[in-house]
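Each chain is listed here by its residues.
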Amino acid sequence: MNGQVNDDAAQRRAYWFGFADRQLLAVRPYFSPGHALLRLPGRPAFSGVRSDELEGFARTFLLAALRVAGSGGDDPHGHLDWYRPGLVAGAARWTDEGADAERAAGKVADESWNLVVSRTQALVEAASVAIGLQLTRPWLWDRLDPQEQDTVASWLQGAGTADPWDNNWVLFNAHVAEFLAGVGRDHNPDHITAALDRIEDWAVDGGWYRDGDNGGTGDFFDYYCGWALHLYPLLWCRFAADRAVGGPHPWAADRLPRYRERLSEFLRTYPGFFGGGGEPVFHGRSLTYRFAAAAPLALGALFLEPGEPGGDAESLARAGTLATATLRYFDTPAAFPDGIACLGWQGPYEPMIQNYSGPGSPYWSSKAFLALLLPEGSHFWNTPAETTPARPDETTLIPGPGFLLHRGPDGIAQLANHGSDKHYGPHSDNALYSRFAYSSHTGPLRLPGQGLGSGTDPVPSEAVDNHLAVLDAAGRASWRSRIHRLETGPGTVHGATAASFHRPVWTVTEDEAEQPLTVATGTTAHGGYQLRVYRVQLLSGPAGRYDGWSVREGGWAVTPGVHATLWPLTQGPLVQGPHAQGSAAVVVGEMQGTTAFGEARCPTVTTSLSAATTLLASVHHLGLEAPGHRPGPFTLTESGGWVRASVRMLPLQDEEGEPFTLGLEFRTPGT
């Protein structure tokens, strides 16, 4: 890391500006001669190389815009002068026959961008260009000559007839239309109202938004809620209230209070997605955007009033401390080799990258630098040294997305996932959504020669870590697809509870809705320990139908320096071995592979299935040190349509600490 998170206010703000400048200066050698295309090394996205080059321009331009706007137009490195010629060259189109012929002969260096048409990456990047122009209007747009303005506006106006995907993309059209409206250009006003109305359909409890709904096929909750679905509407209100042409949009004042209220509610629990050193929980797609996860923390400082929850001085101080820690967590030579953001996490890691991401994609992280719009006197910067980035030992249920958040005493953030599945229909295992749990210090396990189901691997990985795989007689492991939520009871005083069930599938053609088997799961947590309870319901059938079937539970997949322990709660003997072989009821083993954090090991427990309904329970510990407690007496029962479990956690010999109880109860599927 570069420094400590408890810098004083001036040092902290200077660090943010310095980090922005370092990124912008590092990419300059990779620009095309006319500065319209950023040609970073790396494998291309499925949209193609020219699309990637536009993406690199647009996302770093947004960073430059935030950096210059944050300093009130002061631009000592000439960032806007660098991007200005590229803006015009990229927006230009060669239209006359003579120019086309010269270009074909290689006499004209064409740096023009892809046209903005329906459901293409150019629409995404047009929004970043539009927002960058909004932020820097006095120093860039207003200084373009009329012909240059016409050129840029003409390219952006392609969004007026472009259809977005029905998710956060609807807000890209809205921002392009808003910029064009503010400078008196033809635009599609329906794109603004339609987008703002559409996101109302996706709002749920806890200040969360679904990232689209795909007609109800699944639940879509991840970091896009913060870095897109909160960010874009709030920025739109700011821009629409300050139009230079035609006056404010009437919805700017009308919608702002509800967006602020949702953001305030969202930020009550959002810090739980970060570990004590600012590490985001490794869950969901587009994780190569890294510290874009800190953008909602800056939004709170920008938009919440002092009298609103989250807008007080202490909350802003905590937000600033956490956001700074997140930047520093990723500000490393491994994540930025030669100063360039790589496709990965703390270093390059291809298996986690979706096929829509190219070399310029990581610069979506620019959104975190909304913080630079905050003045020097903001409490976001003025964080007292005693304020820590994380509050230890918290467990919180967020009903909207079905997330159970827990942070143990060593600062590792854990997320038990009982709601977000990213399910569109039959598909292979998607390790970034299908696992029961995720954390700030671990990632899904990738077995040798396999992938993570992220869209770039020809062979998806077998689901192992934080999963209960049903193994058929041939040893094939099932995976989790659609997640269905279950009602929970009060459990115990230590921690909230969440529960869900899924129908296991084994092939990419199977529809989970047609599967007769169910696996119900409940989770509670305290002190770095999770109690997980499973109910496996098989379809009744002739005797011997399930001979040789078993279930394999995986724990946390950990790298050196992180400790994971899995205790199966069983009355029978434990047998050491790699797989369930022979007549052993419970076999303890380990599987090895890689995660985004490095070479990893994952403890496993395999249990034979001998009845139509099987109840299983286990305790999982994740920490920076070995556990100080172990499971003691436990109960596990089912009656009246409810599964109930309780385990007494006892201090290990020679360890300090008090006993405590983990307990939960959940309703069985269909009751």
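Residues numbered from 1 in each chain as written. Predicted model: local features only at pLDDT ≥ 70, side-chain atom pairs only at ≥ 80, totals over all residues. Heavy atoms only, no water.

### A few points about the sheet that holds strand E10 (residues 518-526)
Let me state the cut-off plainly: Note on pairing: DSSP must find at least two bridges between two strands before they are called paired. In this description a helix means any DSSP run of H or I spanning at least four residues, a strand means any run of E spanning at least two, and both kinds are numbered starting from the N terminus.
Across the sheet, six strands lie side by side as E8-E9-E10-E11-E17-E13; this open sheet has antiparallel pairing. Each end of this open sheet is capped by a strand with a single partner; those strands are strand E8 (484-485) and strand E13 (563-568).

### As for the packing of aromatic side chains
Two measures describe an aromatic ring pair: the distance that separates the ring centres and the angle between the ring planes. Applied cut-off: Pairs were defined over the aromatic rings of Phe, Tyr and Trp, the Trp ring being its six-membered one, requiring ring centres within 6.5 Å. Orientation was assigned from the angle between planes: stacked under 30 degrees, edge-to-face over 60, tilted for the rest. Only protein chains enter the accessibility calculation, which uses a 1.4 Å probe; a residue is then buried when its area is under 20% of its type maximum, exposed when over 50%, and partly exposed in between. Working rule: Lys NZ or Arg CZ, within 6 Å of ring centre, within 35 degrees of ring normal, means a charge sits over the ring.
A complete count under the given rule lists 45 aromatic pairs for this structure. Taking the centre distance of 6.0 Å and the plane angle of 20° together, the rings of Tyr 15 and Phe 19 count as stacked. Here Phe 19 and Tyr 15 lie together in helix H1 (residues 9-27), a separation of four residues that amounts to about one turn. Given a relative accessible area of 1%, Phe 19 falls into the buried group. Ring geometry for Trp 169 versus Phe 172: centroids 5.9 Å apart, planes at 55°, classification tilted. An identical accessibility class is assigned to Trp 169 and Phe 172; each is buried. Over the face of the ring belonging to Trp 165 we find Arg 119, whose NZ or CZ atom lies 5.2 Å from the ring centre. Seen from the ring of Trp 251, Arg 255 lies directly overhead, with NZ or CZ sitting 4.0 Å from the centre.

### Things to note about helix H8 (residues 190-198)
Rules: Directions drawn from the helix axis to the C-beta atoms are what define this arc. Should any heavy atoms of two residues lie within 4.5 Å, those residues are considered in contact.
Three or more residues of H8 are buried, namely His 191, Ile 192, Ala 195, Leu 196 and Arg 198. In a view along the axis of H8, the buried residues occupy a sector of 160°, so they form one face of it. Residues of H8 that are buried in the fold lie against helix H7 (170-182), helix H9 (224-240) and helix H10 (250-269).

### What about the domain arrangement of the chain?
Stated precisely, the cut-off is as follows: Boundary definitions for the domains trace back to an automatic or database domain assignment. By buried area we mean the combined loss of accessible area, with a 1.4 Å probe, across both parts when two parts are placed together. Every case where a carboxyl oxygen of Asp or Glu lies within 4 Å of a side-chain nitrogen of Lys or Arg is listed as a salt bridge. Pairing of N or O atoms within 3.5 Å defines a polar contact, subject to two protein rules: one partner must be a possible hydrogen donor and the other a possible acceptor, and residues neighboring in sequence count only if both atoms are side-chain atoms. Side-chain classes follow a simple rule in which Ala, Val, Leu, Ile, Met, Phe, Trp, Tyr, Cys and Pro form the nonpolar group, Asp, Glu, Lys and Arg form the charged group, and the remainder, Gly included, forms the polar group.
Looking at the assigned domains, one finds that the chain contains domain 1 (7-93 + 115-381) and domain 2 (394-667). Computed from C-alpha coordinates alone, the two centres of domain 1 and domain 2 are separated by 36 Å. Facing 38 residues of domain 1, the contacting portion of domain 2 comprises 38 residues. The junction of domain 1 with domain 2 conceals about 3100 Å² of combined surface from both sides, 60% of it contributed by carbon and sulfur atoms. Looking at the side of domain 1 facing domain 2, the largest losses of area belong to Phe 282, His 283 and Tyr 349, adding up to 20% of the total buried there. In this structure, the connection of domain 1 to domain 2 is made through one salt bridge. Linking domain 1 to domain 2 there are 15 residue pairs in polar contact (both at pLDDT 80 or more). For the side of domain 1 that touches domain 2, the residue count by class is 17 nonpolar, 13 polar and eight charged.

### Section: helix H2 (residues 49-70)
Under the convention used in this document: By this rule the span expected of a helix is its residue count minus one, scaled by 1.5 Å.
The terminal C-alpha atoms of H2, which comprises 22 residues, lie 32 Å apart, in line with the 32 Å expected from a rise of 1.5 Å per residue. In terms of burial, H2 is largely enclosed, as 20 of its 22 residues are buried. Directly beyond the C-terminal end of H2, a positive phi value near 65° is found at Gly 72.

### Structural notes on the environment of Val 152
When you line up the elements, Val 152 lands in helix H6 (residues 146-156). Expressed as a C-alpha distance, the spacing of Val 152 and Val 536, which sit 384 residues apart in the sequence, is 59 Å. Not counting chain neighbours up to four residues away, the residues in contact with Val 152 comprise Leu 87, Val 88, Ala 91, Leu 133, Trp 141 and Leu 144.

### Here's the deal with the nonpolar core
Which entries qualify depends on this criterion: In these notes, a set of buried Ala, Val, Leu, Ile, Met, Phe, Trp, Tyr and Cys residues joined through side-chain atoms within 4.5 Å is what counts as a nonpolar core.
Residues Trp 16, Leu 133, Leu 156, Phe 273, Phe 369 and Phe 380 are the most contacted members of the largest nonpolar core, which totals 146 residues. Of all the elements, H9 adds the most residues to this core, at 13 residues. Inspection of this core shows a minimum of three residues originating in each of domain 1 (7-93 + 115-381) and domain 2 (394-667). Counting residues in each nonpolar core, the second largest holds 19 residues, with Tyr 529, Val 619, Phe 660 and Leu 662 among its members.

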